[in-house]
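# Topology and contacts: notes
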Amino acid sequence: MAPDAPPAWTSGMSLIAPTRILVVGGGGREHALAWKLAAEPGVNEVVVAPGSDGIALEPRVRCEPATDPLDPGAVVAVARRMAAELVVVGPEGPLAAGVVDALVDAGFAVFGPTEAAARIESSKSFCHEIAAAAGVPMARAQAFTGAAAAVAFATDLAADGGVVVKADGLAAGKGVTVCDSAAEAAGAIDGLARSVGPTADAPWVVVEERLRGAEASLIAICDGRTAIALPLARDHKRLLDGDRGPNTGGMGAYGPLPDLSDDTAEDLLARFHRPILAELARRGTPFRGALYAGLILTDDGPVLLECNARFGDPETQAILPRLAIALGPLLLAAARGELAEVLDGPVVANGRLPTFPGAAVAIVLAAAGYPERPHRGDALDGLSAAVATGALVFHAGTARDADGTFRTAGGRVLSVVGRGPDLDAARSAATDATSRIHAPGLQRRHDIGRVVADGALAR
């Protein structure tokens, strides 16, 4: 299903629309990006590398399944073959692997930060360092190379009300454990020590005080100096209803938020994104791409939990259906360092881009056994019935048999997005569509987008 057409007034922008776009990745976020970009005026083709069988169903979208997205040379080769006018890098892995650096060196316009700038996500300790230098509020935290010192600090923090233990490096959204006691924190630290193989010369664990409140995700399109906000969203990381169970890559997202208006974007950009951009630029590593600020709304105001160096997943699946403007020209302008033209034009209000009226709710369907041991190969029934309701179905971890049957091929299998005039209607639409999709042991949450008082669905 094609995106809603942007309002006519957006077509008067003087920005250049890319005609051939390469999207690097193959998950639900990349499906949503391909869906949005391929339907925009002037776009002839979107290539997704490696993509997936589900993504390949989109009109004007072609996939390159043999491409290793972590191999800079392979990605550059695809960009050259298709003469890409814009490359959009989706997942964190290729960013940390230097794919953007290789593409820039080869002369391509790339929406995504260099490996050095992407450290804002690939190293939690670096994020704290940048935030402190930029004057951006974050939780009290320390990074450690040794387990004993980490446990001692966690014990001190636990006495004040809770601890969060994070892997310092990339962990696909699952390297975070929220702990209610010192003993639980010690167990989390021990588990990380066994899984990541700590070294004496580099931090491998970050221990933070636990902050309480509802969370919010604000992603900004950045060109190294300028930041323009996408609509706010809220992600739900825990596996089970009521925000229980283990952390995951994200079980659903929604927007707008009932407790933080999109009109607060200008203030939030001034507090978080612009100081971080300025500090990264000062260090000689300007950030061009999607700068994601994960915020927690405490009694003392918003505080930064983390930064990501790319579009969020599954937030992107809930954000892009609300976006009332062509995305491709904005990403190309950011890649070229030319966002100031957009900021000074009639499109941006209160620091943010325009949205369609109404709400969007994305519900993730996860395979049996996720997140520890997701089961692969289970047949998925009801995909056509879900699409027939008017919902958007973005493939995240599926593969198609020779007979056309889609099967589970990853942990988070699908993102199903319902839209409506308000959150209740959008949640109802998403729920109706997800109820039509079946596979053995398929998991989902039933409370995504439900308004809960006092931030009860916080991390």
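All residue numbers refer to positions counted from 1 along the written sequence of the respective chain. Selection of residues for local features in this predicted model requires a pLDDT of at least 70, selection of side-chain atom pairs for listing and counting requires 80 or more, and totals for whole chains, interfaces and linings are taken over all residues. The side-chain values count all of the structure's non-hydrogen atoms but skip hydrogen atoms and water molecules.

Runs of E in the DSSP output that reach at least two residues are strands. Runs of H or I that reach at least four are helices, and both are numbered from the N terminus. Checked against the element boundaries, Thr398 lands in strand β20 (residues 398-400). There is a polar contact of 2.8 Å between the side chain of Thr398 and the side chain of His395. Excluding its chain neighbours within four sequence positions, the residues that come into contact with Thr398 are Gly54, Leu380, Phe406, Arg407, Ala409, Val413 and Leu414. For this analysis, a polar contact is any N or O atom pair within 3.5 Å, provided that within protein one partner can donate a hydrogen and the other can accept it, and provided that sequence-adjacent residues contribute only side-chain to side-chain pairs. Contacts were defined at the residue level, with two residues in contact if any of their heavy atoms lie within 4.5 Å.

Let us look at the confidence of the model for the chain. With 93% of its residues at a pLDDT of at least 70, the chain reaches an overall mean of 92. Low pLDDT (under 50) marks residues 7-12, which in the prediction has six contacts with non-local residues, meaning those over four places away or in another chain. Predicted confidence for residues 452-459 stays below pLDDT 50, and this span has 26 contacts to residues more than four positions away or in other chains. As a per-residue measure, pLDDT tells how confident the predictor is, with possible values from 0 to 100.

Next up on the list: the side chain of Arg352. Following the sequence through the fold, Arg352 ends up in the loop between α12 (340-343) and β18 (359-366). Only protein chains enter the accessibility calculation, which uses a 1.4 Å probe; a residue whose area is less than 20% of its type maximum is buried, one above 50% is exposed, and one in between is partly exposed. Residue classification places Arg352 among the buried residues on the basis of a relative accessible area of 17%. If we ignore the near neighbours within four places in the chain, the residues touching Arg352 are Ile228, Ala229, Asp262, Asp263, Ala265 and Val347.

Turning to empty space enclosed by the protein, a few remarks are in order. The definitions used throughout rest on a 1 Å grid laid over the protein atoms alone, on which a cavity is an enclosed set of points accommodating a 1.4 Å probe that cannot get out and a pocket is an open set flanked by protein within 12 Å on both sides along at least five of seven lines; lining residues are those having an atom within 4 Å of a point. Grid points are joined across faces, edges and corners, and a volume is the space filled by probe spheres set on the points. In total, this model carries three cavities of 30 Å³ or more according to the counting rule given. By volume, the largest cavity amounts to about 40 Å³. For the largest cavity, the full set of lining residues is Val89, Leu95, Phe111, Gly112, Pro113, Gly289, Ala290, Ala309, Arg310 and Phe311. Looking at the lining of the largest cavity residue by residue, the class counts come to seven nonpolar, two polar and one charged. All residues other than Ala, Val, Leu, Ile, Met, Phe, Trp, Tyr, Cys, Pro, Asp, Glu, Lys and Arg, Gly among them, are scored as polar; the first ten of these are nonpolar and the last four charged.

We define a salt bridge as a side-chain nitrogen of Lys or Arg found within 4 Å of a carboxyl oxygen belonging to Asp or Glu. For the structure shown, the criterion picks out 28 salt bridges. For Lys237, the salt bridge identified is with Asp235, shortest N-O distance 3.3 Å. In this structure Lys237 comes out as partly exposed when scored by relative accessible area, which is 21%. Residue Asp267 pairs with Arg271 through a salt bridge whose shortest N-O separation is 3.0 Å.

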